[in-house]
Amino acid sequence: MAEAKETKAQRVERLKREKLAWDHLDEIREFARNGRDSVPPEWLGTYFRSWGIYTQGDGVGVIGGKNGEGKATEFFMVRIRIPNGILTSHQVRVLAGLSEDYGRGVADITVRQNVQLHWVTIQAVPDLIEKLQAAGLTTTGACGDVVRNVTGCPVAGIAADEHFDASPFALAVDRVLGGNREFYNLPRKFKMTVTGCSSWCSYPEINDVAFTAARRKLGDVLEDGFSLRIGGGLSTEPHIALKLDAFVRQDQVVDVARGVAEIFRASEVLRQNREQARLKYLFLKHGWTEESFLAELNRTIGFSLDPAAGEEIPAEVHRDHTGIHRQKQVGLVFIGASVLRGRITPAQLRRAAQLADEFGDGNLRATVQQNLLLANIREEHAETVAAELTRVGLPVEVPAFARGTVACTGSEFCKLALTETKGFARWLSTELDERLPGFSEQIKLHITGCPNSCGQHWIADIGIEGKKIKVDGKMVDAYYFCVGGSVGHIASIARPVGYRCAATEVPDAIERLLIHFQETRESNENVRAFLARNSNEQIRTILAGESFVAVERDVPAGRVPAGVEG
């Protein structure tokens with residue numbers, strides 16, 4: 001009788017059981033001495049990931065590869081954890097130097113407050129890791145089936161309108177669970193956020209575990225704690241996190257975060273299929289409910305959480321903290337600069353660090369919206385700093401489409417992408433800002449190069465998903481439209497509307513849609529309400545400029561994102 005072939009999930013689980021890659025920096029050093037060809041497949045496909053390292057694609061994306069993945073080059077992408085997005089000017093200079101020395105001057109701020117370098121050779125990896133560690137930074141746990149970077153509000157501790165400073169709790173959770181050997185072998189990636197922000201800028205709705213500020217009254221005493229949400233995530237099957245009937249005291253945050261991670265780690269059913277191995281699938285596929293999860297969590301942590309308290313759910317669309325804002329500290333402001341596409345140069349990083357030192361205390365923050373923020377700037381120098389940031393290509397005041405655009409890595413570096421996204425995002429946002437000058441509505445335009453939603457198109461007003469179509473006998477980049485995604489008060493997943501067009505036609509389609517919105521909007525109607533009011537057929541007709549037969553999204557089966565979303 002033929003022996004059963006090991007499945008992909010079984011192989012990955014076996015490899016993780018056989019070796020804890022964090023204990024084997026010596027092997028990475030050996031690879032560096034012997035060259036790229038000495039790296040075995042198990043390191044390329046599994047072990048490197050827990051070190052925050054992925055193989056880099058050849059610029060074509062998934063096209064030209066096989067088994068749903070494009071060809072890898074000799075280079076690597078290296079992701080650096082930035083817990084809560086908090087950076088010092090020294091660390092920013094180190095990142096600039098590493099980008100310049102090892103990454104051809106390419107650095108990307110990601111949607112999880114990480115920084116990614118590209119073009120890294122195997123020879124450079126050990127030195128890069130050691131220089132990061134010397135600066136108090138690490139790649140450990142930035143990728144892989146582990147607890148990923150714990151995100152939080154980038155203006156924690158300084159925002160005048162925050163409920164309370166939750167950054168100590170985010171940092172504590174990251175310190176206890178990030179890079180923790182006990183949680184090296186999870187079924188898949190595991191994402192957490194902790195925030196006291198009034199705008200929920202770290203997107204708790206799409207995290208596996210999310211703590212958001214809540215307040216309760218006990219007698220005459222007001223107590224600040226957290227609400228708890230579980231099971232959020234996007235990818236090919238988006239799911240908004242579910243709120244549990246639980247109030248988490250501040251001294252319970254680490255225990256609760258650890259308890260959820262233990263539940264996830266113990267789930268054997270989630271280890272059977274890597275395409276359905278995220279925490280959300282307990283709810284989507286395996287019959288768990290908010291009540292059953294809370295009961296299991298209480299059992300795991302050894303005490304029962306109190307019932308949930310009230311919370312304020314934000315209504316605003318933008319959560320990016322761009323612009324100049326007074327801090328709670330008298331005489332100080334923070335300045336949020338836009339980093340279009342998240343791509344930032346060594347020169348820009350160094351200038352931002354210099355400004356933070358000269359006019360503040362050297363405190364900078366990376367944001368979930370792929371931007372950079374300078375904190376504790378003396379108020380009398382705010383305009384000077386803002387002008388200089390703008391001069392070096394990090395504008396503080398930006399038009400609507402540049403502000404609202406988010407893009408994933410795309411085929412430039414990602415082996416799963418169908419389309420190039422970073423350059424396209426710059427061109428598209430510029431086109432729309434020129435075609436629709438003065439457009440003042442808050443709008444989110446998210447671009448993802450494949451169905452895996454690393455660009456988070458499921459929660460955008462207009463989310464476009466990379467495809468390929470044939471035009472004049474040639475395959476070209478194209479995008480499929482989803483509309484009406486949102487978070488906050490009206491959290492919802494964007495709906496596919498059946499329209500697809502070549503990338504070059506996308507500005508025309510969006511221009512038609514938004515002109516129609518401006519001409520037909522009801523009193524005080526915003527973009528979200530307009531999109532909700534119109535049917536898929538109506539939206540599709542407007543986008544196309546004529547009656548258009550709906551097309552399917554044509555989602556490929558099999559491959560899931562390796563985690564390149566950051």
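Conventions we followed
Residues numbered from 1 in each chain as written. Predicted model: local features only at pLDDT ≥ 70, side-chain atom pairs only at ≥ 80, totals over all residues. Heavy atoms only, no water. Helix = DSSP H or I, 4+ residues; strand = E, 2+ residues; numbered from the N terminus. Rg over C-alpha atoms; globule rule 2.2 N^0.38 Å. Buried < 20%, exposed > 50% of the residue type's maximum accessible area, 1.4 Å probe, protein only. Contact = heavy atoms within 4.5 Å. Lys, Arg positive; Asp, Glu negative; His and termini not counted. Charge placed at Lys NZ, Arg CZ, Asp CG, Glu CD. Pairing = 2+ DSSP bridges. Axes fitted to C-alpha atoms, helices over the stretch in contact; angles between N-to-C directions. Parallel < 35°, antiparallel > 145°, perpendicular 65-115°, else oblique. Nonpolar A, V, L, I, M, F, W, Y, C, P; charged D, E, K, R; others polar. Left-handed = near helix turned anticlockwise from the far one by under 90°. Salt bridge = Lys/Arg side-chain N within 4 Å of Asp/Glu carboxyl O. Expected span 1.5 Å × (residues − 1). Disulfide = S-S within 2.5 Å. Phe/Tyr/Trp six-rings, centres within 6.5 Å; stacked < 30°, edge-to-face > 60°. Lys NZ or Arg CZ within 6 Å of the ring centre and 35° of its normal.

1. A look at the overall build of the chain
- Along the backbone of the chain there are 16 helices and 19 strands.
- Taking 24 Å as the expected radius of gyration for a compact globule of 566 residues, we find that the chain reaches 23 Å, a close match to that expectation.
- Principal axes of the C-alpha set define a box for the chain whose edges measure 70 × 65 × 50 Å.
- Expressed as a percentage of the 566 residues in the chain, the buried residues total 61%.
- The contacts of the chain with a sequence gap of at least 6 include a subset with a gap of at least 24, amounting to 70%.
- Taken together, the 68 basic and 73 acidic charged side chains of the chain have centroids lying 4 Å from each other.

2. Quick word on unusual backbone geometry
- In this structure, Y203 takes a positive phi of about 55° despite not being glycine.
- By the element assignment, Y203 lies in the loop between β6 (192-195) and β7 (209-218).
- Classification of Y203 as buried rests on a relative accessible area of 5%.

3. Remarks on the pairing of β7
- β7 sits mainly inside the fold: seven of its ten residues count as buried.
- Bridging between β6 and β7 involves four bridges; their strand directions are parallel. Note that in β7 the partner of M192 across the bridge is V209.
- Of the strand pairs in this sheet, β7 and strand β8 (residues 221-230) are connected by ten bridges, and their pairing is antiparallel. Each residue of the ladder has a partner; that of A213, found in β8, is F226.
- What sits between β7 and β8 in their antiparallel hairpin is a turn of two residues, with G219 showing a positive phi close to 65°.

4. Examining the sheet that holds strand β2 (residues 72-80)
- Taken together, the five strands give an open sheet; going across it, the order is β1-β2-β5-β4-β12, and neighbouring strands pair in antiparallel fashion. The open sheet has two free edges, formed respectively by β1 (53-57) and β12 (343-344), since each of these has just one partner strand.
- Where strand β4 (residues 107-109) and strand β5 (residues 115-120) come together, three bridges link them in antiparallel fashion. When the bridges of β5 are listed, I109 appears paired with V115.
- Strand contacts of helix α3 (residues 41-50): β1 and β2, with the helix running at about 130° to β1, the strand carrying the most contacts.

5. Topic: the packing of helix α1 (residues 8-18) against α3
- Between α1 and α3, the shortest axis-to-axis distance is 10 Å and the interhelical angle comes to 85°. Considered as vectors, α1 and α3 are oriented roughly perpendicular to each other. Where α1 abuts α3, its residues R11, V12, L15, K16 and E18 lie against E42, T46 and Y47.
- A per-class count over the contact of α1 with α3 returns three nonpolar, one polar and four charged.

6. So, the packing of helix α13 (residues 422-435) against helix α14 (residues 506-520)
- Here α13 crosses α14 at 40°, and the two axes come no closer than 10 Å. Viewed along their axes, α13 and α14 adopt a mutual orientation that is oblique. In the packing of α13 onto α14, the handedness of the crossing is right-handed. Each of F424, W427, L428, E431, L432 and R435 in α13 lies in contact with α14, whose residues at this interface are V506, P507, D508, I510 and E511.
- Partitioning the contact of α13 with α14 into residue classes produces seven nonpolar, no polar and four charged.

7. Digging into the pattern of salt bridges
- Going through the model one piece at a time under the given rule, you end up with 43 salt bridges.
- Overlapping salt bridges, with partners in common, bring together E13, K16, D145, R271 and R274 in one network.

8. Remarks on the pairing of β5
- Counting buried residues along β5, five of its six residues qualify, which places the element largely inside the surrounding structure.
- Of the pairings in the sheet, the one linking β2 to β5 comprises four bridges and is antiparallel in character. Counterpart to V78 in the pairing with β5 is L117.
- As consecutive antiparallel partners, β4 and β5 are separated by five residues, and within that stretch Q113 has a phi angle of approximately 65°, a positive value.

9. Structural notes on α14
- Here α14 contains 15 residues, and its C-alpha end-to-end distance of 21 Å stays within 8% of the 21 Å for a straight helix at 1.5 Å per residue.
- Considered for burial, the residues of α14 that qualify are V506, P507, A509, I510, E511, L513, L514 and F517.

10. Some points on the state of the cysteines
- On inspection of all chains with the given rule, the structure shows zero disulfides.
- Looking at C408, it has no disulfide partner, and the nearest cysteine sulfur is the one in C454, 6.0 Å off.

11. Here we look at the packing of aromatic side chains
- Summed over all chains, the structure comprises 21 aromatic pairs.
- On the numbers, 5.8 Å between centres and 85° between planes, the contact of W119 with F413 is edge-to-face. Taken together, the residues W119 in strand β5 and F413 in the loop between β15 (405-407) and α13 connect sequence positions 294 residues apart.
- Using a relative accessible area of 24% as the deciding quantity, one classes W119 as partly exposed.
- Of the aromatic side chains, those joined through ring pairs into one cluster are F31, W43, Y47, F48 and F76.
- Sitting over the ring of F75, R104 keeps its end group 5.0 Å from the ring centre.

12. Brief notes about the side chain of K444
- By the element assignment, K444 lies in the loop between α13 and β16 (445-448).
- Buried and unpaired, K444 has D320 as its nearest opposite-charge partner, separated by 6.0 Å.
- When near neighbours in sequence (up to four residues on either side) are disregarded, K444 contacts Y203, V317, H318, Q369, G404, V406, A460, D461 and I462.

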